[in-house]
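An overview of the molecular structure
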Amino acid sequence: MIGVERVMVVRRPLAEVVAYLEDFARAEEWDPGTVRCVRVDDGPPRPGARWRNTSRFRGRTTELRYELVLREAARLVFVGENGTVTARDDLRFAEEGVATRLTYRASLTFKGFARLAAPFLRGEFERLADGVVTRLPAAAEAWRP
């Protein structure tokens, strides 16, 4: 497994940051690895909501099916899966004055023979996490409900 953690501050109230991030289709705006992300069901984002995410990692494009598995007032957890990998994005929110401190934890668990490549992919995954820190606050701050 490869895991990363980044902490960032978004200059918006906690409820607005959660509302922005609970729709995983917006990953196109803040996740440098996401090429396209489309909701595959209807209704408000709630546990069980699903998305089809096309990502680019190390020059290769792959598709994962993501699901919102936990939605609390100050936490969101998304799990994406395909035949090669399970990805988990765990977002935790805390009020910081009029802003929100976001702790972003992401992990990749490779399956089968892909597990052998995991040690060689850490650096690229770290760079993607750094890109999230650069893009996510600006995207959430620019969003208008």
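Structure first, text after, so check above.
Bear in mind the structure is a predicted one, so any value in this text is a computation, not a measurement. (Residues numbered from 1 in each chain as written. Predicted model: local features only at pLDDT ≥ 70, side-chain atom pairs only at ≥ 80, totals over all residues. Heavy atoms only, no water.)

1. Observations concerning the environment of Y20
Mapped onto the secondary structure, Y20 falls in helix α1 (residues 14-21). In this structure, the C-alpha to C-alpha distance between Y20 and G80, residues 60 residues apart in sequence, is 19 Å. Once residues lying within four places of it in the same chain are set aside, the contact partners of Y20 are R26, E29, W30, A139, A140 and W143. At 2.5 Å, the side chain of Y20 and the side chain of E29 are in polar contact. (Helix = DSSP H or I, 4+ residues; strand = E, 2+ residues; numbered from the N terminus. Contact = heavy atoms within 4.5 Å. Polar contact = N/O pair within 3.5 Å; in protein donor to acceptor, adjacent residues only side chain to side chain.)

2. Looking at the packing of aromatic side chains
The full count for this structure, using the stated rule, is 7 aromatic pairs. Taken together, a centroid distance of 6.0 Å and an interplanar angle of 85° make the contact between W30 and Y104 edge-to-face. Of the two residues, W30 is situated in helix α2 (residues 27-30) and Y104 in strand β7 (residues 99-110); the sequence distance between them amounts to 74 residues. As far as burial versus exposure is concerned, W30 and Y104 are alike and both buried. Here the aromatic rings of W51 and F78 are separated by 5.7 Å at their centres, their planes lie at 75°, and the arrangement is edge-to-face. One end of the pair, W51, is in strand β3 (residues 50-57); the other, F78, is in strand β5 (residues 75-81), and 27 residues separate them in sequence. With respect to burial, W51 and F78 carry one shared label: buried. The rings of F24, W30, W51, Y66, F78 and Y104 are connected pair by pair, giving a single aromatic cluster. (Phe/Tyr/Trp six-rings, centres within 6.5 Å; stacked < 30°, edge-to-face > 60°. Buried < 20%, exposed > 50% of the residue type's maximum accessible area, 1.4 Å probe, protein only.)

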